[in-house]
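Architecture at a glance
Now for the letters of each chain:
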Amino acid sequence: MNGAAGRGARLMDSSITGMSPWIVFSLLAGPGRYLPAAALALAVAVVLVLVRARPVFLELAGLVFFAALAVTGMVAVPGALRWLETYGDELADLSLVLLAAASLAVRVPLTAPYARRSVPREFWHTPDFLRTASVITAAWALAFLAAAVAGAVGDLVLHNPENLWTGWIVQVSALVTAMRFTEWYPAVVRARLDPSRPRPRVSSLLMPFVGLLIPMGVVVLLFGAAPRWFAVALMVVGVVLARALRKEVAIEEQRAARRELK
């Protein structure tokens, strides 16, 4: 129970939670799904605000933004609703990019309030703390920019908002990478500041993406989004890399255990 409560607390203190309304909307929005996606993103934003004693800027911004999207969708004429169904996800992705860019410009990164919940107050204004929060905020901005560009390619170049690659695979990969980076990069900074800590390998950053290769190959095969050999290759590469990464992680854990015994 305590373990589950601890994991829940860590999740609520993560900037991933603050980004969750945008993640939900980005992955669900599309032709015929705009209003349900906006409603669900708004519901997530409302929950985040209600469960916080003091909501942070990102959560309040999500509440206002997705309330506006939901209301606009409900009152929009058919032509405007079709436009929102086609380009709403790009609009939401770019809104997060702009919020992140503005926060970096004023040196108050969007992710800083979440980092403060796990860092002692005396470090909040240090260069390392600000740099770490800025790098993570920039990573999220790049992930949502990649999702917006992929969606725009599907809409404007391929004229197919439901294209599997531009509408799902590229966007999911970008967001999953940002989620993993949010957990990985602070550990890198802590290891740099404290040499006694093990430094996370770059390969561990890739583990979630490698985990996507197998389901990605299955989906590509089922929907015929690429030649059969390519789908099979994705699955094979995913299995091989996953085994290699698991072996590497096991070796690192054994080394860490030996260091603790010393």
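As shown above, the structure is provided for reference.
Residues numbered from 1 in each chain as written. Predicted model: local features only at pLDDT ≥ 70, side-chain atom pairs only at ≥ 80, totals over all residues. Heavy atoms only, no water.

1. A look at the nonpolar core
Counting residues in each nonpolar core, the largest one holds 38 residues, and the members touching the most others are W22, F25, L58, W140 and F144. Elements supplying a minimum of two residues to this core: α2 (15-28), α3 (34-51), α4 (57-75), α5 (78-105), α7 (127-157) and α8 (164-193). Looking at this core, the element that brings in the most residues is α8, giving eight residues. Non-local contacts of L58, meaning those with residues more than four positions away in its chain, are made with G18, M19, W22, L96, L110 and Y114. The next biggest cluster of nonpolar side chains, apart from the first, holds nine residues, and it includes I169, M216, V220 and L234. (Core = buried A, V, L, I, M, F, W, Y, C linked by side-chain atoms within 4.5 Å. Buried < 20%, exposed > 50% of the residue type's maximum accessible area, 1.4 Å probe, protein only. Helix = DSSP H or I, 4+ residues; strand = E, 2+ residues; numbered from the N terminus. Contact = heavy atoms within 4.5 Å.)

2. A word on the packing of α2 against α3
The N-to-C vectors of α2 and α3 enclose an angle of 170°; their axes lie 8 Å apart at closest approach. On the basis of their axis angle, the class for α2 and α3 is roughly antiparallel. Counted together, T17, G18, S20, P21, V24, F25 and L28 of α2 and Y34, A37, A38, L40, A41, V44, A45 and L48 of α3 form the full contact between these two elements. Its residues placed into classes, the contact of α2 with α3 shows twelve nonpolar, three polar and no charged. (Axes fitted to C-alpha atoms, helices over the stretch in contact; angles between N-to-C directions. Parallel < 35°, antiparallel > 145°, perpendicular 65-115°, else oblique. Nonpolar A, V, L, I, M, F, W, Y, C, P; charged D, E, K, R; others polar.)

3. Overview of the packing of aromatic side chains
Summed over the entire model, instances satisfying the criterion amount to eleven aromatic pairs. Ring centres of F65 and F66 lie 5.1 Å apart, and the angle between their planes is 85°; on these two criteria the pair is classed as edge-to-face. When the ring centre of W124 is taken as reference, the NZ or CZ atom of R116 above it lies at 5.6 Å. (Phe/Tyr/Trp six-rings, centres within 6.5 Å; stacked < 30°, edge-to-face > 60°. Lys NZ or Arg CZ within 6 Å of the ring centre and 35° of its normal.)

4. Looking at a nonpolar patch on the surface
On the surface, L94, L142, L145, V149, V153, L156, V157 and L158 cluster together into a nonpolar patch covering about 690 Å² of accessible area. With respect to the element layout, L94 can be found in helix α5. (Patch = residues over 30% accessible without salt bridge, like charges linked within 9 Å, V, L, I, M, F, W, Y side chains within 5 Å. Areas by Shrake-Rupley, 256 points an atom, 1.4 Å probe, with all protein chains shown as cover. Salt bridge = Lys/Arg side-chain N within 4 Å of Asp/Glu carboxyl O.)

5. Here's the deal with the side chain of E85
As for its position among the elements, E85 is in helix α5. Within the structure, E85 has its side chain in polar contact with the backbone nitrogen of G32 (distance 3.4 Å). Not counting residues up to four positions away in its chain, the partners in contact with E85 are G30, P31, G32, R33 and Y34. (Polar contact = N/O pair within 3.5 Å; in protein donor to acceptor, adjacent residues only side chain to side chain.)

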